[in-house]
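Each chain, letter by letter, is given below.
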Amino acid sequence: MVLIITGTIAPASQAFLKVTDKDERLEQYISCIRFFINSKSVNKIIFCDNSDYKDEAGEFKKLTNEARGKGIHLESLFFKGNAENVVLHGKGYGEGEIMEYIFSHSELIKGEEYFYKITGRLIVNNIKDIVRLTTKKNICHINIPNATRRDILDTRFYGMPVKMYREYFLKAYENVDDSKERFLEHVFAHILRDKKRGLKHRNIPRYPRLTGRSGSSGGDYVYTEWKCKIKDVLSLFNYYG
């Protein structure tokens, strides 16, 4: 299984962001990647940045060597996304561009059956348990954000068959328009719930323990373990599906 980490190290537009400092963002991305390397939850990690960051100091080369020493393949991709369209349509558009670039240019995604994707600078503290329990590779594992919002899906972290993403989600970001409140979370929900497509989906096997800092709000993601244990039980019954 491969883990995809999306990122924008040096955002051209700061319209949607509270965390805008390039050095701060870079440090957070590196910490995020290093966490997943050390977790040894997957043997392949793809990081992709859409700000065309130049690794002049060799930070990502160092990370690649660190990963290799632990039996992990790390691939780092950098390209210049369409900043104007991101401003026009929203940050979900930018994430979709990153995913499309990965599926067109990554070597590690080739031949893979399944992937998990995490929005960069966030950490899933129980990633190893989640990957271990993801035994059905023909369905999408994705959560609703909470019990009161069943019209959207949480696109920060999800798992999906590579074939499913290529066929149904690769161009989905082109339908994102934040000005009309049509976010990526809505677009994903619409695709998965279309009964004509018959796509199999279920909540993530264990409730994700997310930590990190939101680039949009600037707030920190935290969780309470005893509450998450209750959510783990609810997840067995697809409560967050």
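Please read all numbers here as calculations on a predicted model, not as lab measurements.

Secondary structure summary: the protein chain contains eight helices and 10 strands in total. In summary, the protein chain has a C-alpha radius of gyration of 17 Å against a globular reference of 18 Å for 241 residues, a match within 12%. Projected onto its principal axes, the C-alpha coordinates of the protein chain cover approximately 50 × 40 × 35 Å. Counting the 241 residues in the protein chain, one finds 51% classified as buried. Taking contacts inside the protein chain between residues at least 6 apart in sequence as the whole, the part at least 24 apart equals 76%. When the accessible surface of the protein chain is summed, it comes to about 11,900 Å², and 49% of that surface belongs to carbon and sulfur atoms. Between the centroid of the 40 positive side chains of the protein chain and the centroid of its 31 negative side chains there is a distance of 7 Å.

Moving on, we get to helix α2 (residues 59–69). Restricting attention to buried positions, one finds in α2 the residues Glu59, Phe60, Leu63, Thr64 and Ala67. Axial view of α2: buried residues confined to an arc of 140 degrees, hence all on one face. Residues of α2 that are exposed and angled more than 90 degrees away from the buried face: Lys61, Lys62, Arg68 and Gly69. Contacts made by the buried residues of α2 are with α1 (22–39), β2 (44–49) and β3 (73–78). A positive backbone phi angle near 80 degrees is found at glycine 71, which sits one or two residues after α2.

Structurally, glutamate 59 can be placed in helix α2. Salt bridges are absent for the buried glutamate 59, whose nearest opposite-charge side chain, lysine 62, sits at 7.1 Å. In this structure the side chain of glutamate 59 is engaged in a polar contact, spanning 3.4 Å, whose partner is the side chain of tyrosine 53. When sequence neighbours within four positions are dropped, the list of residues in contact with glutamate 59 reads Leu26, Ile30 and Tyr53.

Right, let's talk about the packing of helix α6 (residues 162–169) against helix α7 (residues 184–193) for a bit. Taken N-terminus to C-terminus, the directions of α6 and α7 make an angle of 105 degrees; their axes are 12 Å apart at the nearest point. Relative to α7, α6 is oriented roughly perpendicular. On α7, the residues touching Tyr165, Tyr168 and Phe169 of α6 are Phe188, Ile191 and Leu192. Grouping the amino acids of the contact of α6 with α7 by side-chain chemistry returns six nonpolar, no polar and no charged.

Rules of the game
Residues numbered from 1 in each chain as written. Predicted model: local features only at pLDDT ≥ 70, side-chain atom pairs only at ≥ 80, totals over all residues. Heavy atoms only, no water. Helix = DSSP H or I, 4+ residues; strand = E, 2+ residues; numbered from the N terminus. Rg over C-alpha atoms; globule rule 2.2 N^0.38 Å. Buried < 20%, exposed > 50% of the residue type's maximum accessible area, 1.4 Å probe, protein only. Contact = heavy atoms within 4.5 Å. Areas by Shrake-Rupley, 256 points an atom, 1.4 Å probe, with all protein chains shown as cover. Lys, Arg positive; Asp, Glu negative; His and termini not counted. Charge placed at Lys NZ, Arg CZ, Asp CG, Glu CD. Arc of directions from axis to C-beta. Salt bridge = Lys/Arg side-chain N within 4 Å of Asp/Glu carboxyl O. Polar contact = N/O pair within 3.5 Å; in protein donor to acceptor, adjacent residues only side chain to side chain. Axes fitted to C-alpha atoms, helices over the stretch in contact; angles between N-to-C directions. Parallel < 35°, antiparallel > 145°, perpendicular 65-115°, else oblique. Nonpolar A, V, L, I, M, F, W, Y, C, P; charged D, E, K, R; others polar.

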